[in-house]
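# Structural overview for review
Listed below are the residues making up each chain.
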Amino acid sequence: MNEAVAAGLWGLVGGSALLVGAGIAYFVHLPQRLIAAIMAAGSGVLISAVAFDLMDEAYRRGGFDATAIGFFGGALVYTIANTLVSRAGARHRKRSGSNPHHRQATAQQGSGLSIAIGALLDGIPEPVVIGVSLLEGAGVSLVTVAAVFLSNVPEGLSSAAGMKKAGRSAIYIFGVWGGIAMASGLAAAIGYAVMAGASPDIIAATTAVAAGAILAMLVDTMIPEATEEAHEFSGLIAVAGFLLAFILSKLEG
């Protein structure tokens with residue numbers, strides 16, 4: 001199979017978890033604390049992936065300079081873009097809707113496009129890393145795919161729960177997350193195609209950019225939702241998610 005196509009399919013697998021989470025939120029009533037706990041676990045999984053998979057890989061390929069520049073640059077670009085879409089009405093796109101103020105903000109007239117753009121902004125760095133992981137010819141990094149999948153379920157779940165409580169239709173909710181899932185596959189394929197033949201420093205910087213964007217996204221969007229409702233146990237649950245991803249990374253290695 002063409003490697004770019006394979007990358008796209010693996011990216012789609014990771015992105016499809018958004019639809020799984022959205023489906024759970026739409027058809028099953030879950031307590032707010034459970035949703036927050038799932039977000040905490042997903043945060044721990046992604047932090048582990050950033051620390052032990054993405055940053056290690058970037059450093060191995062390109063050394064400290066490319067990794068540091070890419071990591072900070074990814075966080076900076078994400079922060080600027082996130083600030084713009086947040087001011088346009090997507091600040092609470094990952095909130096599950098327990099707070100009436102967040103629910104009202106999510107339902108604001110004209111915020112729909114901003115929410116969709118914000119969701120796309122959050123979801124794209126992860127599949128790009130999936131595509132880049134195929135460049136060495138040893139197959140996809142199953143740890144990366146697993147981490148993306150496990151973290152996307154709570155992302156889709158929490159956001160869809162908030163959208164539903166804000167009065168968004170099923171067509172809107174599943175349209176947004178279905179579109180992001182498809183974009184994930186496309187981003188993974190493009191990530192592979194663009195990076196094929198690139199220098200180790202460029203690949204390292206690209207991986208680190210994604211890592212920085214993911215970590216900034218976690219602190220800005222996922223962790224606040226987790227701590228708001230499950231603040232007594234959110235740290236412990238995040239540690240459990242971190243440990244799970246860490247074990248997966250060592251089993252693959």
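None of the values given here were measured: they were computed from a predicted structure.

## Some thoughts on the overall build of the protein
Of regular secondary structure, the protein possesses 9 helices and 0 strands. Start at the N end of the protein and walk to the C end: the helices and strands fall as α-α-α-α-α-α-α-α-α. Looking at the protein as a whole, 52% of its 253 residues qualify as buried. The long-range share in the protein, meaning contacts at least 24 apart out of those at least 6 apart in sequence, stands at 86%. Surface accessibility of the protein: about 10,900 Å² in total, with carbon and sulfur atoms responsible for 71%.

## Quick look at the pattern of salt bridges
For the structure shown, the criterion picks out 2 salt bridges. The salt bridge partner of Arg-60 is Glu-57, with a shortest N-O separation of 2.8 Å. With a gap of 3 residues between them, Arg-60 and Glu-57 both fall in helix H2 (residues 32–90), about one helical turn apart. One salt bridge connects Arg-61 with Glu-57, and the closest N-O pair in it is separated by 2.7 Å. Within this pair, Arg-61 and its partner Glu-57 are both found in helix H2, separated by 4 residues, close to a single helical turn. Its relative accessible area of 18% is what places Arg-61 among the buried residues. With relative accessibility at 22%, the residue Glu-57 sits in the partly exposed group.

## Details of the environment of Ser-184
Looking at the element boundaries, Ser-184 is found in helix H7 (residues 170–195). Residue class for Ser-184 comes out buried when judged on its relative accessible area of 2%. Separated by 175 residues in the primary sequence, Ser-184 and Leu-9 place their C-alpha atoms 9.2 Å from one another. With residues near it in sequence (within four places) discarded, Ser-184 still touches Gly-11, Leu-12, Gly-15, Gly-123 and Pro-127.

## Some thoughts on the environment of Asp-56
In this fold, Asp-56 is placed in helix H2. In the structure, Asp-56 is positioned 11 residues away from Thr-67 in sequence and 9.2 Å away in space, judged by C-alpha atoms.

## Thoughts on the UniProt feature "transmembrane region" (unreviewed entry) in the protein
Mapped onto this numbering, the UniProt entry gives "transmembrane region" (unreviewed entry) at residues 6–27, 34–54, 66–85, 171–196, 202–221 and 233–251. Helix makes up 100% of residues 6–27 and strand 0%. Its end C-alpha atoms lie 32 Å apart. Taken end to end, residues 66–85 comprises 100% helix and 0% strand; its first and last C-alpha atoms sit 28 Å apart.

Criteria and cut-off values
- For every chain, the first residue of the written sequence is number 1, and numbering continues from 1 onward in sequence order.
- Local features in this predicted model are restricted to residues whose pLDDT is 70 or higher, and side-chain atom pairs enter the listing and the counts only when it is 80 or higher, whereas totals over whole chains, interfaces and linings include all residues.
- Excluding hydrogens and water, the side-chain values take into account all heavy atoms of the structure.
- To qualify as a helix, a DSSP run of H or I must reach at least 4 residues; to qualify as a strand, a run of E must reach at least 2; elements of each kind are numbered from the N terminus.
- Here the term buried applies to any residue with accessible area under 20% of the maximum for its type, exposed to any over 50%, and partly exposed to those in between, with areas from a 1.4 Å probe on protein chains only.
- When checking whether two residues touch, look at their non-hydrogen atoms; a contact exists if any pair is within 4.5 Å.
- Only the protein chains shown count as covering a residue, and every accessible area follows the Shrake-Rupley method with a 1.4 Å probe.
- What counts as a salt bridge is simple: a side-chain nitrogen of Lys or Arg found within 4 Å of a carboxyl oxygen of Asp or Glu.
- UniProt positions are given in the numbering used here, feature names are shortened, and annotations may be inferred rather than shown by experiment.

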